[in-house]
Protein chains: 2
Amino acid sequence: MQPFVFHNPTEIVFGAGMVDKVGTYAAKQGGKALLVYGRSSVKTTGVYDRVTASLAAAGLSWVDHGGVKSNPVLSHVREGVALAKQEQIDVIVAVGGGSVLDESKAIAAGALYDHDVWDFFVQTKVEKALPLVTVLTLAATGSEMNSGGVVTNEETAQKFNIGSPYLFPKTSILDPELTYTVPADYTAYSAVDAISHIIEGYFTSQDRATPLQDRFVEGLVRTIMESTEQILAQPDHADARATMMWAATWALNGLSTAGIGLYQFPNHMIEHSLSALYDIAHGAGLSIVIPGWMNYAAEKNPAKFAQFGRRVFYCTLEDDVACARFAADALKAWFGTIGSPVTLGEGQIPEEEISAIAENATMLANKWGLKAYTAEVIADILNRCR
Amino acid sequence: MQPFVFHNPTEIVFGAGMVDKVGTYAAKQGGKALLVYGRSSVKTTGVYDRVTASLAAAGLSWVDHGGVKSNPVLSHVREGVALAKQEQIDVIVAVGGGSVLDESKAIAAGALYDHDVWDFFVQTKVEKALPLVTVLTLAATGSEMNSGGVVTNEETAQKFNIGSPYLFPKTSILDPELTYTVPADYTAYSAVDAISHIIEGYFTSQDRATPLQDRFVEGLVRTIMESTEQILAQPDHADARATMMWAATWALNGLSTAGIGLYQFPNHMIEHSLSALYDIAHGAGLSIVIPGWMNYAAEKNPAKFAQFGRRVFYCTLEDDVACARFAADALKAWFGTIGSPVTLGEGQIPEEEISAIAENATMLANKWGLKAYTAEVIADILNRCR
């Protein structure tokens, strides 16, 4: 194990019906809220009405900032920052999935900053931020219990991240009933996303002597798989929706990577280019990239991939290389059974553009210090995703 | 899953050599510390000198409050409270195992209270407390990342707990090197203690649809077993000591029980009488009680015990009842291999006093609302511990 600091101060309020308590928790942070949400679903599902009723009952006033896109964009973040400043907002209340939460974190930082919020994505350290209270409507990204977010700068086609201890939500309301209406495709993409968060560190960590972290990741993956299958069979399966929501939260809140030392996000690095260049859901992009990357990376470190195959997919092959391949194939097959695309073709991504995608991905490879991932290597991986 | 609030704000600073940073973290909380520790080991091991050097380097002054007993007593807590008030202490720095940390929590609450600190153990709610920074020297109780503590009132022979969100340590330093000197017997008892914390909820929870919590517990138990075996073979095994330290922390910090609903502590209830009536270490008492209790309880709920047998001990029996018995036997055998007693006789506890022990245990059964545990039932369980 490697030295680390683990500090996750977000308060989680979990359970059916908890959405109606958001006002109580938001009121602890201030009297005037910026209410951030996406396009239409929170209104059609009635969640918007329940949230505003709860805010009103707790004595808060609020200003709407709706229209957050999945893959939130900088221009809309800037509008939110301007609104928060103009309206002298005390607290951000985010209602939605990871995109809404990520944009809200950027707004929370930008609202207390005199320059352009994009600075935080490039180099400037966040020194303060407005408090953030979230109501999660999609179990996937883990943004509800971590301190990071991703925003795309449309002008430069850069999908970059913001991160700071100041950006942990103060309170996140996790009401599994709000996820009953998530359709099958996004349920599947969310499962892929959550799994991707835990396996990046698991497969790429500097330190291999991390048995507790390994068990934790393997248990999360099995649980996410089993609950996703239950949800796809019965979308209002209360226990499965609850389990999936809690699992996705723990998939990216710092626990699975604490003590594993340096690690990388190669799958996210490549997928960011797919979703920056094409209109594809993040989870769908990941289910295309991950099996190809595993096929590539398992050749270099078969032991860990074999352990994954044995513990998660009950592989009984004794040879590590064979078991590592088994693991990659098994995960790809499982992504397929839940309806997520597993090839570039299935994702409507033109194979002839592999070189261009690889070139684009090197920007993030350079930014994240993934030196081994040259354009040639990334193209090699993408060729395994055909 | 059941509704819950999860909020654990303790900052963990983990790694070899981190003890020398305690001054930096304590200084964030104030300039004058009450330094709480046990009897002699922190001085003979040099930990006391390293802690005080770090406090001095960070500009803190401190007052000593040493001599905390294992099973801390109220009279010594009261002395600490008086000293903290008299010296106008800003921050409590606790250096030791669970007993030192538990006493420090009581002092932290009592120091800002105008009446007797025992009130908090009986009925009064803690409304504020001095900040607490801990340096852990024994991986076992989980006190370093939770909000509870246990103290014995010698006058009334009551061993009661204190608990409040104000009692989470601000920062806990987890330096695995400090545990290298823990002898084999206490290493074993600590493993039993940590396992006991997670399996009580696992086996007795109201809600059975908690697959993530189950996986988490099963992974912790496997990991604690494997790292304990490594430590007993090599006491300065860096990775095993680190893993055991981190596992014991997560065994009682709220995660394994979040969402499982009501649960019980029958093994702790029975063990409490053993250690109240006989001179036996808590972990040693637990390793006697747990296999007998499992043998008893498995008859009533074989499915969960069978799952434990299959996932933790790789039992391949198809019949649940048989597999549940296998699990109880396997855990008992494992406790034996690490040198912890597994029968009343091995613990020097007279079998002819089973009725008297059972009668004593009913006091706590009544206090904790374990109505099913009559003296007859407890005697039945103890007869399975012969």
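Residues numbered from 1 in each chain as written. Chains lettered and ligands numbered in written order. Predicted model: local features only at pLDDT ≥ 70, side-chain atom pairs only at ≥ 80, totals over all residues.

**Remarks on the domain arrangement of chain A**
All names here are of chain A.
And then number 1: Domains assigned within chain A are domain 1 (11-178) and domain 2 (183-383).
And then number 2: Here the C-alpha centroids of domain 1 and domain 2 sit 27 Å apart.
And then number 3: Contacts between the two partners involve 15 residues from domain 1, matched on the other side by 21 residues from domain 2.
And then number 4: Across the side of domain 1 that touches domain 2, the residue classes break down as eight nonpolar, five polar and two charged. (Domains from an automatic or database assignment. Contact = placed C-beta atoms within 7 Å. Nonpolar A, V, L, I, M, F, W, Y, C, P; charged D, E, K, R; others polar.)

**Digging into the packing of helix 7 (residues 184-204) of chain B against helix 8 (residues 211-233) of chain B**
Residues and elements named next belong to chain B.
And then number 1: Axis separation between helix 7 and helix 8 bottoms out at 10 Å; the angle between their running directions is 175°. Considered as vectors, helix 7 and helix 8 are oriented roughly antiparallel to each other. Contacts from Ala184, Thr187, Ala188, Ala191, Ala194, Ile195, Ile198, Ile199 and Tyr202 in helix 7 reach Asp214, Val217, Leu220, Val221, Ile224, Thr228, Ile231 and Leu232 in helix 8.
And then number 2: Each residue belonging to the contact of helix 7 with helix 8 can be placed in one class, and the counts come to 14 nonpolar, two polar and one charged. (Axes fitted to C-alpha atoms, helices over the stretch in contact; angles between N-to-C directions. Helix = DSSP H or I, 4+ residues; strand = E, 2+ residues; numbered from the N terminus. Parallel < 35°, antiparallel > 145°, perpendicular 65-115°, else oblique.)

**Notes on the sheet that holds strand 6 (residues 132-136) of chain B**
And then number 1: With mixed pairing, seven strands are arranged side by side in an open sheet as 1(A)-2(B)-9(B)-6(B)-5(B)-3(B)-4(B). The open sheet is flanked by strand 1 (4-6) of chain A together with strand 4 (61-65) of chain B, the only strands paired with a single partner. For this sheet, the mean angle separating the axes of adjacent strands, direction not counted, is 20°.
And then number 2: Where strand 3 (residues 32-37) of chain B meets strand 4 of chain B, five bridges bridge the pair, whose relative direction is parallel. Opposite Leu34(B), over in strand 4 of chain B, you have Val63(B) as the bridge partner. (Pairing = 2+ DSSP bridges.)

**Topic: the interface of chain B and chain A**
And then number 1: Across the contact, 28 residues belong to chain B and 29 residues belong to chain A.
And then number 2: Within the residue set of the side of chain B that touches chain A, elements represented by two or more residues are strand 1 (4-6), strand 2 (11-14), helix 8 and helix 9 (238-250) of chain B.
And then number 3: Sorting elements by how many residues they give to the side of chain B that touches chain A places helix 8 of chain B first, with eight residues.
And then number 4: Two strands pair when backbone bridges link them, and strand 2 (residues 11-14) of chain A and strand 1 of chain B are joined in this way by three bridges, in the antiparallel orientation. Bridging from a neighbouring strand, Val13(A) pairs with Val5(B) of strand 1 of chain B.

**Some details on helix 10 (residues 266-277) of chain A**
Residue and element names in this part refer to chain A.
And then number 1: Taking 1.5 Å per residue, twelve residues should reach 16 Å; helix 10 reaches 17 Å between its end C-alpha atoms and fits that length.
And then number 2: Counting buried residues in helix 10 gives eleven out of twelve residues, a clear majority hidden from the surface.
And then number 3: Regarding helix 10, the residues found buried are Pro266, Asn267, His268, Met269, Ile270, Glu271, His272, Ser273, Leu274, Ser275 and Ala276. (Expected span 1.5 Å × (residues − 1). Buried ≥ 20, exposed ≤ 12 C-beta atoms within 10 Å, placed from the backbone.)

**Considering the relation of the copies chain B and chain A**
And then number 1: When chain B is fitted to chain A, the residual RMSD is 0.8 Å, and the transformation amounts to a turn of 180° plus an axial shift of 0.1 Å. Within this description, the copies of the chain are treated as partners about a two-fold rotation axis. Ranked by how close their C-alpha atoms come to the rotation axis, the residues of chain B are headed by Pro9(B), at 2.1 Å.
And then number 2: Comparing interface residues between copies, 100% of those in chain B also sit at the interface in chain A, which points to an isologous, same-surface contact. (Least-squares fit on C-alpha atoms with pLDDT ≥ 70 in both.)

**Considering the environment of Trp118(A)**
All names here are of chain A.
And then number 1: The topology assignment puts Trp118 in the loop between helix 5 (98-110) and helix 6 (119-122).
And then number 2: For Trp118, a count of 20 C-beta atoms within 10 Å translates into the label buried.
And then number 3: Setting aside chain neighbours within four positions, we find Trp118 in contact with Leu74 and Asn153.

**Topic: helix 5 of chain A**
And then number 1: With 13 residues, helix 5 of chain A extends 18 Å from end C-alpha to end C-alpha; this agrees with the ideal 18 Å at 1.5 Å per step.
And then number 2: Within helix 5 of chain A, 13 of the 13 residues are buried, which leaves the element mostly enclosed by the surrounding structure.

**Some remarks on the pairing of strand 5 (residues 91-96) of chain B**
Residues and elements named next belong to chain B.
And then number 1: By the criterion of burial, strand 5 is predominantly enclosed, with six of the six residues buried.
And then number 2: Residues of strand 5 alternate between two faces, with Val91, Val93 and Val95 on one and Ile92, Ala94 and Gly96 on the opposite face, all of them buried.
And then number 3: As judged from the five bridges shared by strand 3 and strand 5, these two strands associate in the parallel manner. Across the sheet, residue Tyr37 finds its bridge partner in strand 5, namely Val95.

**Digging into the confidence of the model for chain A**
And then number 1: Mean pLDDT over chain A: 96, with 100% of residues reaching 70 or higher.
And then number 2: Here the prediction assigns the complex a pTM of 0.97, and the interface score ipTM is 0.96. (pLDDT = per-residue confidence, 0-100.)

**Quick word on the pairing of strand 9 (residues 171-174) of chain A**
Residues and elements named next belong to chain A.
And then number 1: What you see with strand 9 is no split at all: Thr171 and Ile173 on one side and Ser172 and Leu174 on the other are buried throughout.
And then number 2: Both strand 2 and strand 9 contribute to a ladder of four bridges, which runs parallel. Along strand 9, the bridge assignment pairs Phe14 with Leu174.
And then number 3: Pairing geometry for strand 6 (residues 132-136) and strand 9, over four bridges, is parallel.

**Structural notes on the nonpolar core**
And then number 1: Ile92(A), Val93(A), Ala327(A), Ile92(B), Val93(B) and Ala327(B) are the most contacted members of the largest nonpolar core, which totals 265 residues.
And then number 2: Sequence-distant contacts of Val93(A), defined by excluding residues within four places in its chain, comprise Val22(A), Ala26(A), Ala33(A), Leu35(A), Val36(A), Leu55(A), Trp62(A) and Val133(A). (Core = buried A, V, L, I, M, F, W, Y, C linked by C-beta atoms within 7 Å.)

**What about the sheet that holds strand 1 of chain B?**
And then number 1: Read from one edge to the other, the open sheet built from seven strands follows the order 4(A)-3(A)-5(A)-6(A)-9(A)-2(A)-1(B), with strand pairing classed as mixed. The sheet is open, and its two borders are formed by strand 4 (61-65) of chain A together with strand 1 of chain B, each paired with just one other strand. Neighbour to neighbour, the strand axes of the sheet diverge by 20° on average, direction disregarded.
And then number 2: Lying on the sheet, helix 3 (residues 47-57) of chain A is in contact with strand 3 (32-37), strand 4, strand 5 (91-96) and strand 6 of chain A; it crosses strand 5 of chain A at an angle near 155°.
And then number 3: Lying over the sheet, helix 5 of chain A contacts strand 3, strand 5 and strand 6 of chain A, oriented at roughly 165° with respect to strand 5 of chain A.

**Considering the environment of Val289(B)**
Residues and elements named next belong to chain B.
And then number 1: Structurally, Val289 can be placed in helix 11 (residues 282-298).
And then number 2: On the basis of neighbour count, Val289 is assigned to the buried category, with 29 C-beta atoms found within 10 Å.
And then number 3: Residues Val289 and Leu344, 55 residues apart in the sequence, show an inter-C-alpha distance of 8.4 Å.

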